[in-house]
Amino acid sequence: MHESFHLEETLPLPPGTSPFHVRGVIYASIIHGVGTLPGGMERFLDELVDVRVRDFMRQKFQFMGWYDVYPALPCAVAIARLRGRPFEAFVREAAKDSMLRLVPSMFRIFSRLGGPRLAAAHAPRLFQTYYDFVDLRLSRVGNEEGTGVITGIPRYVAPQIINHVIGIIAGALESLGATHIEASYRDVTTNGSSFGVELVTCRADFRWRLATRGLRA
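What comes next concerns the included structure. Everything quoted here is computed from the prediction, not taken from an experiment.

## A short note on the packing of aromatic side chains
Between two aromatic rings, the relevant description is the distance of the centres plus the angle of the planes. According to the stated counting rule, one finds 11 aromatic pairs in the structure shown. Consider the rings of tyrosine 27 and phenylalanine 56, whose centres lie 5.2 Å apart with planes at 70 degrees: the pair is edge-to-face. Taken together, the residues span a long stretch of sequence, with tyrosine 27 in helix H1 (residues 24-34) and phenylalanine 56 in helix H3 (residues 51-57) at a distance of 29 residues. An aromatic cluster is defined as three or more aromatic residues linked by ring pairs; in this entry it consists of Phe20, Tyr70, Phe127, Tyr131, Phe133, Tyr156 and Phe195.

## Looking at the nonpolar core
Counting 62 residues, the largest nonpolar core has Tyr27, Phe44, Met57, Tyr131 and Ile161 as its most contacted members. No other element matches helix H8 (residues 158-175), which puts nine residues into this core. Leaving out residues up to four positions away in the same chain, tyrosine 27 has contacts with Val22, Phe56, Met57, Phe61, Tyr67, Asp68, Val69, Tyr70, Pro71 and Ala72.

## Re the pattern of salt bridges
Side chains that differ in sign of charge can pair as their charged atoms come close. For the coordinates displayed, the defined rule picks out 14 salt bridges. Lysine 96 is the partner of glutamate 174 in a salt bridge, and the nearest nitrogen-oxygen pair spans 3.4 Å. In this pair, glutamate 174 is assigned in helix H8 and lysine 96 in helix H5 (residues 87-102), connecting sequence segments 78 residues apart. Overall, the relative accessible area of 25% leaves lysine 96 in the partly exposed class. For aspartate 205, the salt bridge goes to arginine 186, with nearest N and O atoms at 2.5 Å. Pair noted here: aspartate 205 is in strand S6 (residues 197-209) and arginine 186 is in strand S5 (residues 179-194), with a separation of 19 residues, a long-range link. For aspartate 205, a relative accessible area of 17% puts it in the buried group.

Cut-off values and rules
Residues numbered from 1 in each chain as written. Predicted model: local features only at pLDDT ≥ 70, side-chain atom pairs only at ≥ 80, totals over all residues. Heavy atoms only, no water. Phe/Tyr/Trp six-rings, centres within 6.5 Å; stacked < 30°, edge-to-face > 60°. Helix = DSSP H or I, 4+ residues; strand = E, 2+ residues; numbered from the N terminus. Core = buried A, V, L, I, M, F, W, Y, C linked by side-chain atoms within 4.5 Å. Buried < 20%, exposed > 50% of the residue type's maximum accessible area, 1.4 Å probe, protein only. Contact = heavy atoms within 4.5 Å. Salt bridge = Lys/Arg side-chain N within 4 Å of Asp/Glu carboxyl O.

Don't take any of this as a statement about function, it's just geometry.
Below is the structure:
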């Protein structure tokens, strides 16, 4: 994890009050994953350090409703700890699995019609659908590699959001038939502020191999 990131499990603001939001499907996916833990939801709630996050996670999330993104970080930290997984690896795997479970049909259409380049053209719109603050710009997409810039991320939740975005893209590539997917982020810098909150930006790099069937160049 980048040296400037910290996994703070106590929210800097009361849950539900930050100006940065995600669709409820993100939290619904967290709850879906919690269901496979020994002890289920109650064990997960007990693991949360901030009691305010426990109350936040007891609500029923509407898939396309907007919710405060800040509680997503302590939730991911707690689940990674319960699963005995490194934080970044866990967030990426969970995001990839959610992508493969929830929206694979969209990317199968891309596979038939235009492969990774067409999928890349639609990726920024996908993230704008699920976050009201993330800006993803893909600067280069080749047959087996791509590079993009992720901006507009509040520093507090950046360790979770950056890895979540990377996991979603990896899931999209896998649903297209890509194999041996490698993903990383670099060049983490401060990039202004919004609502008095410091924002960060980073560059994300992807490499993959084309399957015999599936991806088109």
